[in-house]
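Structural features, examined
So the chains spell out like this:
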Amino acid sequence: MARRTFVFLSALSAMMLCLAFAANIVPSTVYSSISSNASVGLNYRAALIAAADNSKVLSSAAQFISCKTNFTATFIDQVNDEVPSLSNLTSLSGNLLQQTAQLQLYANEKNYSLFRDYMISTYNPELKQIGPAVLSSIRSANLTANATAILRAEYNSSRQSYANCSFSAVRSYALNKIQTYDNITAQYDVQISGLDAQGVDTSAMSSLLQNATAQVIGPLSQGLNKSTNSSQLLAVVRQHCLFNECSSASNYHLAARFEIAKLDAIMAKAQSVANGTINFTNATESIGAANSALASIGSSHYNQSLHLVLWDNITYASKAIRAALARPKGG
Amino acid sequence: MAANRNKHKNKLLIGIAGIIILIIAVAALLLGAQTQQSAAAPPMHPMQTVNSTLSQLSNLTQYLNVTDIPNYDYGSVLDNQTVPSSP
């Protein structure tokens, strides 16, 4: 009896000791978790740049261009075989092949801007003028009905290969684009978690990410799965853009919206900490100007000058908030 | 004789247990008091309040970096030029 009492009492005291010890440990665990979250925002820009790595997207775009070049060059070869007098057309395909190699080089170098500029200013005009030039030459060569029929059959056969090639390239482009979007939104989530840990109201930012998924990433993914040819795929890709990359009115402008919502939330939290004593006049004016620019842009594609107006104001607001926080009594 | 020894042994065990409990209870009370003391901190001095506010504001500044997404700010690289049509 006495032994049992002894064992029971010993166990009871051991439990009490553990409880008292645990009470001392828990607060320090919570503190260390907050401390680690506080460092989240430090490498924000670097993390976003890494997440937005578009080398795979560029590679798919180069693949799509190769499909067009190969089809066009093959068509010109077929015309030459059938009508040797039109051998001068070979120089056209030579130019196109050379330009395609240059684009591939830019893609390998991951140089998005040079790739895009060269594609728009050099490759596209070249390809645009080849079609009418070849057809005009064929018409002026007065081909027999039989020769025309042979050319058409060869064209249709090449066209099928081109359809397969372009479908594969655009599908790969869309998949890579979705992956990049996911990488970028994951970085925004990290930023939201960090701000949450600082007690900032992140509901507006979270809401933006949810809408981005509902309005852009989700439909893009669904459209990709439903498309059976490159034309359908191209339409889907060109109608769902998370940033500013659609030439149609289908851009969500997430980066600008997210940064504006973030700066608003940080100002609100700072004012609540400092009992409304911080002078955010400059920042508020810049955010107002950025919001106005964004409202006028809507979902359109913005050009370089509008880009400057929008992002200059966002950047200036960020600097103005930093300056105001450095002298929180409004001085 | 043996029963007496047993009785004596039992009393000794209970005595030892009692002392252990007493020591542990005192230790637990001291630890608890220490925890409560750290949890319910005394009202802050005005200077401490200012420092706390500055610290919270300083923590916010690291989230002030803003950036556009590089390469997604000026358009698509997906070519839109069509290939030649059928002869």
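Residues numbered from 1 in each chain as written. Chains lettered and ligands numbered in written order. Predicted model: local features only at pLDDT ≥ 70, side-chain atom pairs only at ≥ 80, totals over all residues. Heavy atoms only, no water.

Here we come to the overall build of chain B. A count of helical and extended segments in chain B gives 2 helices and 0 strands. By residue count, 32% of the 87 residues in chain B fall in the buried class. Roughly 5,500 Å² of accessible area belongs to chain B as shown, and the carbon and sulfur atoms make up 65% of that amount. (Helix = DSSP H or I, 4+ residues; strand = E, 2+ residues; numbered from the N terminus. Buried < 20%, exposed > 50% of the residue type's maximum accessible area, 1.4 Å probe, protein only. Areas by Shrake-Rupley, 256 points an atom, 1.4 Å probe, with all protein chains shown as cover.)

Residue and element names in this part refer to chain A. The geometry of helix 2 (residues 44-51) relative to helix 6 (residues 145-197) is characterised by a closest axis approach of 8 Å and an angle of 160° between their N-to-C directions. What the angle tells us is that helix 2 and helix 6 run roughly antiparallel. With respect to the hand of their crossing, helix 2 and helix 6 are arranged in right-handed fashion. Contact residues: Tyr44, Ala47, Leu48 and Ala51 in helix 2; Thr180, Asn183, Ile184, Gln187, Tyr188 and Gln191 in helix 6. (Axes fitted to C-alpha atoms, helices over the stretch in contact; angles between N-to-C directions. Parallel < 35°, antiparallel > 145°, perpendicular 65-115°, else oblique. Left-handed = near helix turned anticlockwise from the far one by under 90°. Contact = heavy atoms within 4.5 Å.)

Relative to the 42 Å expected for 29 residues at 1.5 Å per residue, helix 5 (residues 112-140) of chain A spans 41 Å between its end C-alpha atoms, a close match to the ideal helical length. Asn142 of chain A lies just past helix 5 of chain A and shows a positive phi near 50°. (Expected span 1.5 Å × (residues − 1).)

Further remarks concern the nonpolar core. Formed by 102 residues in total, the largest nonpolar core has its most connected members in Phe115, Tyr188, Phe243 and Leu310 of chain A. Ranked by residue count, the leading element in this core is helix 6 of chain A, at 13 residues. Counting contributing residues, this core receives three or more from each of domain 1 (55-171) and domain 2 (254-331) of chain A. When residues no more than four places from it in sequence are discounted, the contact partners of Phe243 of chain A are Tyr181, Ile184, Tyr188, Asn251, Tyr252, His253, Leu254 and Ala255 of chain A together with Ile69 and Tyr72 of chain B. (Core = buried A, V, L, I, M, F, W, Y, C linked by side-chain atoms within 4.5 Å. Domains from an automatic or database assignment.)

Turning next to the interface of chain A and chain B. Opposite the 88 residues of chain A that make contact, chain B presents 47 residues. Between chain A and chain B, a total of about 6,200 Å² is buried, with carbon and sulfur atoms accounting for 66% of that surface. Applying the counting criterion to the chain A and chain B interface returns 0 salt bridges. Inspection of the region where chain A meets chain B yields 16 residue pairs in polar contact (both at pLDDT 80 or more). Of all elements in the fold, only helix 1 (2-38), helix 2, helix 3 (55-82), helix 5, helix 6, helix 8 (230-239), helix 9 (254-273) and helix 11 (304-326) of chain A reach the threshold of two or more residues within the side of chain A that touches chain B. Among the elements that line the side of chain A that touches chain B, the one with the most residues is helix 6 of chain A, at 14 residues. Across the side of chain A that touches chain B, the residue classes tally to 55 nonpolar, 20 polar and 13 charged. (Buried area = accessible area lost by both parts, 1.4 Å probe. Salt bridge = Lys/Arg side-chain N within 4 Å of Asp/Glu carboxyl O. Polar contact = N/O pair within 3.5 Å; in protein donor to acceptor, adjacent residues only side chain to side chain. Nonpolar A, V, L, I, M, F, W, Y, C, P; charged D, E, K, R; others polar.)

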